[in-house]
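# Understanding the architecture of this molecule
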Amino acid sequence: SAVISQKPSRDICQRGTSLTIQCQVDSQVTMMFWYRQQPGQSLTLIATANQGSEATYESGFVIDKFPISRPNLTFSTLTVSNMSPEDSSIYLCSVYSYNEQFFGPGTRLTVL
Amino acid sequence: RKEVEQDPGPFNVPEGATVAFNCTYSNSASQSFFWYRQDCRKEPKLLMSVYSSGNEDGRFTAQLNRASQYISLLIRDSKLSDSATYLCVVNMRGSGYALNFGKGTSLLVTP
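Not measured: the values here are computed from a predicted model. (Residues numbered from 1 in each chain as written. Chains lettered and ligands numbered in written order. Predicted model: local features only at pLDDT ≥ 70, side-chain atom pairs only at ≥ 80, totals over all residues. Heavy atoms only, no water.)

Turning next to the sheet that holds strand E8 (residues 75-80) of chain A. Residue and element names in this part refer to chain A. Strand order in the open sheet made by the four strands is E1-E3-E8-E7, with antiparallel pairing throughout. Single-partner strands in this sheet number two, and they are strand E1 (4-7) and strand E7 (68-72). Sheet twist, expressed as the average angle between the axes of neighbouring strands with direction ignored, equals 15°. (Pairing = 2+ DSSP bridges. Helix = DSSP H or I, 4+ residues; strand = E, 2+ residues; numbered from the N terminus. Axes fitted to C-alpha atoms, helices over the stretch in contact; angles between N-to-C directions.)

Below is the structure:
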């Protein structure tokens, strides 16, 4: 299985600031994704992080708000920019490996 | 209309009971179907994939009806440790690995 770690595990931030979330995988993977799980809602795909090229964003998500980096096959970052209370959510990194999709432990973000 | 719909529950059942969860999906092009389990404040983990012929893994049985775009999960002989949220998951597009999640069905198994 793929082991995924995320930093930070949680944070409380002021509105208008930005937070960068890191995702590290213990093996090289081609497919890496970022999801969001808002309170009482289903997991929603934000974007697919592509190594060496720009991320592919889903409808409703834009690069200016959620810039993503993927410098290599084991690491990615998601930045939540110019945060508002509506961005309070759990952000999860995910990878497809060994015919299965694995999720990181998530970053619990609260925006005041 | 949401892409993946589930009864949110909660389902409260006694130990040893049989419980069934249902799910419908809207994208007829979807090719991959799963049930994930999510414990409180934890990440989702794959419980089982769902195949057209139906499949069983111990006490868990999953069924897929492509014509009705309907997926089910049956849990037999419920254990206390089965208490969790069960997520119905479908791939977003005809191929590829991006996933659409249902909101989940909450199960509480009581002594």
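Our next topic: the interface of chain A and chain B. The interface of chain A with chain B comprises 19 residues on the first partner and 15 residues on the second. In total, about 1,500 Å² of surface goes out of reach between chain A and chain B, with carbon and sulfur atoms giving 56% of it. Between chain A and chain B we count zero salt bridges in total. Of all the elements in the fold, those that place two or more residues in the side of chain A that touches chain B are strand E4 (31-37), strand E5 (43-49), strand E9 (89-97) and strand E10 (100-103) of chain A. It is E4 of chain A that contributes the most residues to the side of chain A that touches chain B, four residues altogether. Looking at the side of chain A that touches chain B, its residues break down into nine nonpolar, six polar and four charged. (Contact = heavy atoms within 4.5 Å. Buried area = accessible area lost by both parts, 1.4 Å probe. Salt bridge = Lys/Arg side-chain N within 4 Å of Asp/Glu carboxyl O. Nonpolar A, V, L, I, M, F, W, Y, C, P; charged D, E, K, R; others polar.)

This part is about unusual backbone geometry. Trans is the common state for peptide bonds, and a negative phi is the common state for residues other than glycine. Residue proline 8 of chain A follows lysine 7 of chain A across a cis peptide bond; omega there is -10°. Here the amide bond leading from glycine 9 of chain B into proline 10 of chain B is cis, since omega sits at 5°, within 30 degrees of zero. Within the fold, proline 10 of chain B resides in the loop between strand E1 (4-6) and strand E2 (11-14). Of note in this structure, asparagine 99 of chain A is not a glycine but carries a positive phi near 60°. Overall, asparagine 99 of chain A belongs to the exposed group, its relative accessible area being 68%. In this structure, aspartate 77 of chain B takes a positive phi of about 50° despite not being glycine. (Buried < 20%, exposed > 50% of the residue type's maximum accessible area, 1.4 Å probe, protein only.)

Here the largest pocket defines a volume of roughly 640 Å³. For the largest pocket, the lining is made up of 26 residues, of which Gln37, Ile90 and Arg108 of chain A together with Gln38 and Arg41 of chain B are closest to its centre. Every element with two or more residues in the lining of the largest pocket is listed here: E9 and strand E11 (107-111) of chain A. Residues that form the lining of the largest pocket fall into these classes: seven nonpolar, 12 polar and seven charged. Each pocket or cavity is described by its volume, and for the second largest pocket that value is around 350 Å³. (1 Å grid on protein atoms, 1.4 Å probe; cavity = no way out; pocket = protein on both sides within 12 Å on 5 of 7 lines; lining within 4 Å. Points joined across faces, edges and corners; volume = space filled by probe spheres on them.)

The next point concerns the sheet that holds E1 of chain B. All names here are of chain B. Spatially, E1-E3-E8-E7-E6 is the arrangement adopted by the five strands of the open sheet, whose pairing is antiparallel. Because the sheet does not close on itself, it has two edges, and the strands there are E1 and strand E6 (55-57). For this sheet, the mean inter-axis angle between neighbouring strands, taken without regard to orientation, is 20°. Note that strand E7 (residues 60-65) and strand E8 (residues 70-75) share six bridges and pair antiparallel. Across the sheet, the residue bridging to phenylalanine 60 is isoleucine 75, located in E8.

Attention now moves to the state of the cysteines. Each disulfide consists of one covalent bond between the sulfur atoms belonging to two cysteines. Following the criterion strictly, the structure yields two disulfides over all chains and no others. Disulfide pairing is shown between cysteine 23 of chain A and cysteine 93 of chain A; the S-S distance is 1.9 Å. Here the S-S torsion is close to -65°, and the disulfide linking cysteine 23 of chain A with cysteine 93 of chain A is therefore left-handed. Of this pair, cysteine 23 of chain A sits in strand E3 (residues 19-25) while cysteine 93 of chain A is found in strand E9, placing the two residues 70 residues apart along the sequence. This pair shows no difference in class: cysteine 23 of chain A is buried, exactly as cysteine 93 of chain A is. A disulfide bridge connects cysteine 23 of chain B with cysteine 88 of chain B, and the sulfur atoms are separated by 1.9 Å. Its torsion about the S-S bond being -75°, the disulfide of cysteine 23 of chain B and cysteine 88 of chain B is classed as left-handed. Residue cysteine 23 of chain B is located in strand E3 (residues 19-25), and its partner cysteine 88 of chain B is located in strand E9 (residues 84-91); the two are separated by 65 residues in the primary sequence. For the pair cysteine 23 of chain B and cysteine 88 of chain B, a shared accessibility class is recorded, and that class is buried. (Disulfide = S-S within 2.5 Å.)

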